[in-house]
Amino acid sequence: MADALEAQAQAQAQAPGDLLIPHPDTLEVINGRRTRRGQLNYAVPNALQLQQRVRRYNAVTDIAHGDIVALALDIFLRAKGYPPDLSSPKSDGP
């Protein structure tokens, strides 16, 4: 297991741009017409200007604010080893 994680880390270090490509399953969920949505509220540091940056990115790309946040968090959590279990029934809670 440790060898596999080390190989994954080396591959990611060699191709950091690939980390920012959304997973196909994530895109399928986000683009689904019947995708249930929930509110995600967290206090974040104002100094990072996340709300303003999301609004600017939305203005340029026309990607919905919630989708921007969902894509960014999914990419981060998958990279850290926390992929979603898309095979289980969807729940409203954690």
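Residues numbered from 1 in each chain as written. Predicted model: local features only at pLDDT ≥ 70, side-chain atom pairs only at ≥ 80, totals over all residues. Heavy atoms only, no water.

(A) Broad picture of the side chain of Asn58. Inspection of the secondary structure puts Asn58 in helix H3 (residues 50-61). A polar contact of 3.4 Å, which involves the side chain of Asn58, links it to the side chain of His65. Dropping the residues within four chain positions of it, Asn58 is found in contact with Ile63, Ala64, His65 and Ile68. (Helix = DSSP H or I, 4+ residues; strand = E, 2+ residues; numbered from the N terminus. Polar contact = N/O pair within 3.5 Å; in protein donor to acceptor, adjacent residues only side chain to side chain. Contact = heavy atoms within 4.5 Å.)

(B) Seen up close, the confidence of the model for the chain. Residues of the chain with pLDDT of at least 70 account for 72%, and the chain-wide mean is 83. Of all helices and strands in the chain, the one with the weakest mean pLDDT is helix H1 (residues 2-14) (59), whereas H3 scores best (96). (pLDDT = per-residue confidence, 0-100.)

(C) Focus on unusual backbone geometry. Despite not being glycine, Gln49 shows a phi value in the positive range, around 50°. In this fold, Gln49 is placed in the loop between helix H2 (24-31) and H3. When its relative accessible area of 40% is taken as the criterion, Gln49 is described as partly exposed. Positive phi outside glycine occurs at Asp62, with the angle close to 65°. Position of Asp62 among the secondary structure elements: in the loop between H3 and helix H4 (65-79). (Buried < 20%, exposed > 50% of the residue type's maximum accessible area, 1.4 Å probe, protein only.)

(D) Broad picture of a nonpolar patch on the surface. The grouping of Leu40, Tyr42, Val44, Leu48, Leu50, Val69, Leu73, Phe76, Leu77 and Tyr82 at the surface amounts to a nonpolar patch, some 970 Å² of accessible area in total. Top element by residues in the nonpolar patch is H4. It accounts for four residues. Relative to the helices and strands, Leu48 is located in the loop between H2 and H3. We classify Leu48 as partly exposed; its relative accessible area is 43%. (Patch = residues over 30% accessible without salt bridge, like charges linked within 9 Å, V, L, I, M, F, W, Y side chains within 5 Å. Areas by Shrake-Rupley, 256 points an atom, 1.4 Å probe, with all protein chains shown as cover. Salt bridge = Lys/Arg side-chain N within 4 Å of Asp/Glu carboxyl O.)

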